[in-house]
Amino acid sequence: SDTMADLTAEGLDLAIRISTADALPPALVARPLQRMAYVLVAHPDYLRAQPPIAAPQDLLAHPCMSLGYGLFQNLVELVPTSDPAAPPTKLRLNTPITIASSHGMLRALRSGPGAGIALMADFVANEPLRRGELVQVLPDWQLTGGYAPRTVYAVYAPGPHIPPKLRAMLDYLQEQVKDSI
């Protein structure tokens, strides 16, 4: 679930939160697992049938899918990766579809080339990008603002001792993402 569960009140041992450090509850222990970013991606057949997308403003001519909750929505800010201190280009994208999950966007893109462009988490997009099932749009630009890079954290309640089952899960998660931070 994407809800911000109260770990103690709900009796939960661990939560995975994608967040910035300043947005984490201060009463919890947060172990960083990996960095993540949001990327613009599309089906290769969609891009072949369209004029080239060379600048952020070119996105305005395309249907896009965005995450439909929290800070997300259809307002995006992009900066060139060659100059991250540059003022961002701000756009309100044409988003006839909002989906609350990067995995849902991936399914929509895989259903055919008509879905347009999606803003999704890189950890969902990386494997389909590697296999050529998706193509990154504007790879020389970084999303900022509401879609700025974040960190994936393992979050748990503090205590004098970490229970063995929690320790085992934390160790497992750390092993799965080693060398990511």
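Remember, predicted model here, so these are calculated numbers, not experimental data.

Calculation criteria
- Residues numbered from 1 in each chain as written.
- Predicted model: local features only at pLDDT ≥ 70, side-chain atom pairs only at ≥ 80, totals over all residues.
- Heavy atoms only, no water.
- Phe/Tyr/Trp six-rings, centres within 6.5 Å; stacked < 30°, edge-to-face > 60°.
- Helix = DSSP H or I, 4+ residues; strand = E, 2+ residues; numbered from the N terminus.
- Buried < 20%, exposed > 50% of the residue type's maximum accessible area, 1.4 Å probe, protein only.
- Salt bridge = Lys/Arg side-chain N within 4 Å of Asp/Glu carboxyl O.
- Arc of directions from axis to C-beta.
- Contact = heavy atoms within 4.5 Å.
- Polar contact = N/O pair within 3.5 Å; in protein donor to acceptor, adjacent residues only side chain to side chain.
- Pairing = 2+ DSSP bridges.
- Axes fitted to C-alpha atoms, helices over the stretch in contact; angles between N-to-C directions.

Visitor: Where do I start with the packing of aromatic side chains in this structure?
Guide: Where two aromatic rings form a pair, the distance of their centres and the angle of their planes describe that pair. By the definition in use, this model includes 1 aromatic pair. Ring centres 5.5 Å apart and planes at 80 degrees place the aromatic pair Tyr 38 and Tyr 147 in the edge-to-face group. Separated by 109 residues along the polypeptide, Tyr 38 in strand β3 (residues 38-42) and Tyr 147 in the loop between β10 (141-144) and β11 (150-156) bring together distant segments of the chain. Accessibility assignment for this pair places Tyr 38 and Tyr 147 in one class, buried.

Visitor: Please clarify how the pattern of salt bridges should be interpreted in this entry.
Guide: Close approach of charged atoms allows side chains of opposite charge to pair. With the rule as written, the count across this model stands at 7 salt bridges. Across the pair Arg 131 and Glu 127 runs a salt bridge, and its minimum N-O distance is 3.3 Å. With its nearest N and O atoms 3.8 Å apart, the salt bridge here joins Asp 171 to Arg 167. Of the two residues, Asp 171 and Arg 167 are both situated in helix α5 (residues 164-176); the distance of 4 residues between them amounts to about one turn of the helix.

Visitor: Help me out: how do you make sense of helix α3 (residues 102-110) in this one?
Guide: Given 3.6 residues per helical turn, the α-helix brings residues three or four places apart onto the same face. Residues of α3 that are buried include every one of Ser 102, Met 105, Leu 106 and Leu 109, and no others. Down the axis of α3, the sector holding all buried residues measures 105 degrees, keeping them to one side. On the buried face of α3, the contacting elements are β3, β4 (63-67), β7 (94-99), β8 (117-121) and α4 (122-130). Measuring from the backbone nitrogen of His 103 back to the side-chain oxygen at the start of α3 gives 3.0 Å, which picks out Ser 101 as the cap. Where α3 ends, the next residue or the one after it, Gly 112, has phi of about 155 degrees, a positive value.

Visitor: Explain the sheet that holds strand β6 (residues 89-92) to me, please; I cannot follow it from the model alone.
Guide: Remark on secondary structure: sheet strands pair via backbone hydrogen bonds, oriented parallel or antiparallel. Spatially, β6-β5-β10 is the arrangement adopted by the 3 strands of the open sheet, whose pairing is antiparallel. Bordering the open sheet on either side are β6 and β10, each of which pairs with just one other strand. On average, adjacent strands in this sheet sit at an angle of 35 degrees to one another, irrespective of strand direction. Relative to β6, strand β5 (residues 75-80) runs antiparallel, the two sharing 4 bridges. Counted as the bridge partner of Leu 78 is Thr 89 from β6.

Visitor: Could you clarify how one ought to interpret the pairing of strand β1 (residues 15-19) in this entry?
Guide: Strand residues, when the strand is regular, have side chains that alternate between the two faces of the sheet. Residues Ala 15, Arg 17 and Ser 19 point to one face of β1 and are all buried, whereas Ile 16 and Ile 18, pointing to the other face, are not buried. Direction of pairing for β1 relative to β11: antiparallel, over a ladder of 5 bridges. The partner of Arg 17 across the bridge, within β11, is Tyr 153.

Geometric descriptors of this kind do not, in isolation, establish any biological role.
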